Amino acid sequence: MAQIKQDQNTLHFSGNLLIGNISETLNQLQSIRLESPLSLDFSKVDEVDTVAVSLILEIQRQLNHQQAQASQVSVIGVPDNLRSLMQLYGVDEFLLN
């Protein structure tokens, strides 16, 4: 299961971001107040699948919905396996600043 810890405007993810545990991760996310600018730190994530890319896009969507203007989400500490998935789906240039 993945864990989310908030440190000011940075969300630190750890553990595994997989389809089998995304429900728990989304439940954790609901209790976090998203404010711009927002950074997502994946440096402590072990395993990922395509759901990790969807999670990043969902966070971006939620933040843009809450803010009066569009806000960019910074993705940092991206492990190679997540970077590969972003490249595979063609969203790496959009998600990686």
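Residues numbered from 1 in each chain as written. Predicted model: local features only at pLDDT ≥ 70, side-chain atom pairs only at ≥ 80, totals over all residues. Heavy atoms only, no water.

Visitor: Could you clarify how one ought to interpret the sheet that holds strand 1 (residues 3-7) in this entry?
Guide: By way of backbone hydrogen bonds, the strands of a sheet pair with one another, either parallel or antiparallel. Ordered by their spatial adjacency, four strands build an open sheet running 1-2-3-4, and the pairing between neighbours is mixed. With one partner strand each, in any of the chains shown, strand 1 and strand 4 (73-76) form the two edges of the open sheet. Ignoring strand direction, the axes of neighbouring strands in this sheet form an average angle of 20 degrees. Sheet topology places strand 1 next to strand 2 (residues 10-17); five bridges connect them, and they run antiparallel. Bridging from a neighbouring strand, Gln3 pairs with Ser14 of strand 2. Here helix 1 (residues 22-30) sits on the sheet in contact with strand 1 and strand 2, set at roughly 20 degrees to strand 1. Its contacts with the sheet put helix 3 (residues 80-88) on strand 3 (38-48) and strand 4, and the angle it makes with strand 3 is roughly 110 degrees. (Pairing = 2+ DSSP bridges. Helix = DSSP H or I, 4+ residues; strand = E, 2+ residues; numbered from the N terminus. Axes fitted to C-alpha atoms, helices over the stretch in contact; angles between N-to-C directions. Contact = heavy atoms within 4.5 Å.)

Visitor: Can you help me understand the nonpolar core in this one?
Guide: For soluble globular proteins, nonpolar side chains are generally found buried alongside one another. By size, the foremost hydrophobic cluster in this structure holds 30 residues, and its most contacted members are Leu11, Phe13, Leu17, Leu40, Phe42, Leu82 and Met86. For this core, the secondary-structure elements that each account for two or more residues are strand 2, helix 1, strand 3, helix 2 (50-66), strand 4 and helix 3. Top element by residues in this core is helix 2. It accounts for seven residues. Residue contacts for Leu82: discarding those within four places in its chain leaves Phe42, Val48, Ala52, Val53 and Ile56. (Core = buried A, V, L, I, M, F, W, Y, C linked by side-chain atoms within 4.5 Å. Buried < 20%, exposed > 50% of the residue type's maximum accessible area, 1.4 Å probe, protein only.)

Visitor: Sorry if this is basic, but what is going on with unusual backbone geometry here?
Guide: What you tend to see is this: most non-glycine residues have negative phi, and most peptide bonds are trans. A cis geometry characterises the amide bond from Ser36 onward to Pro37, with omega recorded as -5 degrees. If you check the backbone angles, Gln8 has positive phi at about 55 degrees while not being a glycine.

That's the geometry; what it means functionally is another story.
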